[in-house]
Amino acid sequence: MSDATEDALTEAIRAARTFLRERSKRPVFPDVTIESLRAALGGPLPVDPAEPARVVTDLIHAADPGIVATTGPRYFGFVTGGALPATVAAEWMTTIWDQPATLYVLSPAASVVEEVTAAWLLELLGLPRHASVGFVTGCHTANFTALAAARHEMLRRAGWDVEADGLNGSPTLRVVVGGEVHVSVLGALRMLGIGSRQVVSAEADAQGRMLPDALDAALGAVSGPAIVCAQAGNVNTGAFDPLEDIAVVARRHGAWLHIDGAFGLWAAASPALRHHTRGVELADSWATDAHKWLNVPYDSGVVFVAHPAAHRAAMSLTAAYLVRSADEPREPMDWTPESSRRARGFAVYAAVRSLGSRGIADLVDRCCRLARRFADRLRAEPGIEILNDVVLNQVLVRLPGGDDVNRAAVTAIQQDGTCWLGGTTWDGEFVLRLSFSNWTTTDDDVDRAAQSIVRAVSS
Ligand SMILES: Cc1ncc(COP(=O)(O)O)c(C=O)c1O
């Protein structure tokens, strides 16, 4: 190793040690202004080279005041996982090795790690063992990849080659989603040439679960190739669409069934919670994240497709210089929209290897138990309501006093720094929203977060 790289890494590890030691003591959201960050990080385009270790030290110094403790135990915003020790170190090695996980010849190890991890994930999540798997940047891209495979296959069955002939003049592809579809599914469809006004929405119930009868009616009203997008884990309530009933309806209408399970799919890894995902194996494709509940560092998502030929047809590219191996190993680029890509499989491998299926089930169960504990703490307070059935790791809280009070409370709680939570709109009202997805969160963290909310209410 060159001295310069080693010196820069020494600075990084020193700062990493300090950050990790102090992470749970610092305010979860920093007291920083955009102006101070711009002043610390900005300036004219550097002209002269700088010593690498110095660059890293200065960067750490300037960025640290603007770093949010998202990997800490009391970050409950969005759906944010922490980073398991083995995954952090595996990520560092991924950078040191710097393998383009494109073709086997570019990195035999990265290719085989993906192959091994793919098989583990299929078993863990109860998906068909023959499904093809792609390691992508996140669930949004996983949704895109799965829906590209769906578009290929449903148009192929209608006699159309979308990769060759595009969408101009093609049979119309109908897409039905639940009333509470995640926006990334609509974003993925948009990139595939299906606009949001072309998508049919099937009514959802009060928890955000798609109603199978509404889906039946929606599919009955359209003809031609169709795709259904169901959901395992609503981003607000954590609720699951009734996947088995939806699969029966989709199959009766000859539709492709895709399941967006960014975090909820991990319930399938827990014997205690797997009932929520009953029927999941009947779908045609699935999308999930590793950077949420599996606690792999950003960015990491996974796509699964029960029809490998469709998956490959939608993604794979050939060129004379992209040399494929003679013995036909699994070529990583055949299953993702990227060609040159980070070897994301290493960190996912490290997560599964370090926790094992038992550890993953424990992690999922523990987060759900913490969500229930938090909900119980707040329910006991006068006037505070828990708006969702806490079936998973998501909790929606409504404080007394109306939208403005709830909005002000979110700001006050964020400024207090004990924890970080966000707001959302549910049933037309502004509410507080928490997600319990971090492997380090304890009962004490949950109680401290509940107290900070109670403090905000009383002030
Ligand atoms: C249900 C669901 N689908 C998709 C996504 C998008 O995932 P990502 O932002 O990791 O791409 C999310 C993110 O929260 C989600 O909750």
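Right above here is the structure, for reference.
Residues numbered from 1 in each chain as written. Predicted model: local features only at pLDDT ≥ 70, side-chain atom pairs only at ≥ 80, totals over all residues. Heavy atoms only, no water.

Caption draft 1: Spatial organisation of unusual backbone geometry. In this model, Tyr298 is joined to Asp299 through a cis peptide bond whose omega is -5°. Along the chain, Asp299 falls in the loop between strand S6 (285–289) and strand S7 (301–305). With a phi angle near 50°, Phe78 is a residue other than glycine that sits in the positive phi range. Looking at the secondary structure, you find Phe78 in the loop between helix H3 (52–63) and helix H4 (85–97). (Helix = DSSP H or I, 4+ residues; strand = E, 2+ residues; numbered from the N terminus.)

Caption draft 2: Highlighting the site of the ligand. Inspection of the region around the ligand gives 13 residues, with His140, Asp260, Asp289, His291 and Lys292 positioned closest. Between the ligand and the protein, one listed contact pairs an oxygen atom with a backbone N or O atom of His140 at 2.8 Å. A distance of 3.0 Å is found between an oxygen atom of the ligand and a side-chain nitrogen or oxygen belonging to Lys292. Burial of the ligand by the surrounding chains reaches 83%, relative to a free accessible area of 390 Å². For the shell around the ligand, a count of residues per class yields four nonpolar, six polar and three charged. (Near = heavy atom within 4 Å. Polar contact = N/O pair within 3.5 Å; in protein donor to acceptor, adjacent residues only side chain to side chain. Areas by Shrake-Rupley, 256 points an atom, 1.4 Å probe, with all protein chains shown as cover. Nonpolar A, V, L, I, M, F, W, Y, C, P; charged D, E, K, R; others polar.)

Caption draft 3: Broad picture of the packing of aromatic side chains. A complete count under the given rule lists seven aromatic pairs for this structure. Summarising the aromatic geometry, the rings of Trp120 and Tyr349 are spaced 5.0 Å apart at their centres and angled 25° between planes, so their arrangement reads as stacked. Of this pair, Trp120 sits in helix H5 (residues 108–124) while Tyr349 is found in helix H12 (residues 345–379), placing the two residues 229 residues apart along the sequence. Linked through ring pairs, Phe29, Tyr75, Phe78 and Trp420 together constitute an aromatic cluster. (Phe/Tyr/Trp six-rings, centres within 6.5 Å; stacked < 30°, edge-to-face > 60°.)

Caption draft 4: Focus on the environment of Glu114. Looking at where Glu114 falls in the secondary structure, it is placed in helix H5. Glu114 gets classed as buried once you look at its relative accessible area, which sits at 0%. Along the backbone, Glu114 and Ala255 are 141 residues apart, and their C-alpha atoms lie at a distance of 30 Å. What Glu114 contacts, discounting residues up to four positions off in sequence, is Ala101, Phe135, Arg330, Pro332, Arg341 and Gly345. (Buried < 20%, exposed > 50% of the residue type's maximum accessible area, 1.4 Å probe, protein only. Contact = heavy atoms within 4.5 Å.)

Caption draft 5: Local environment of the pattern of salt bridges. Throughout the structure, instances matching the rule amount to 24 salt bridges. Of the charged contacts, one joins Arg344 and Asp299 as a salt bridge, the two residues approaching to 3.0 Å between their closest N and O atoms. Taken as a pair, Arg344 in the loop between helix H11 (308–315) and H12 and Asp299 in the loop between S6 and S7 lie far apart in primary sequence, 45 residues in all. Taking the relative accessible area as the measure of exposure, Asp299 reaches 32% and is therefore partly exposed. Between Arg324 and Asp334 there is a salt bridge; the shortest N-O distance is 2.7 Å. With Arg324 in the loop between H11 and H12 and Asp334 in the loop between H11 and H12, the pair connects residues that are ten residues apart, well separated along the chain. The exposure class of Arg324 is partly exposed, given its relative accessible area of 30%. Because the salt bridges share partners, they merge into one network encompassing Arg369, Arg373, Arg377, Asp443 and Asp447. (Salt bridge = Lys/Arg side-chain N within 4 Å of Asp/Glu carboxyl O.)

Interpretation note: all reported values are geometric properties and have no functional meaning in isolation.
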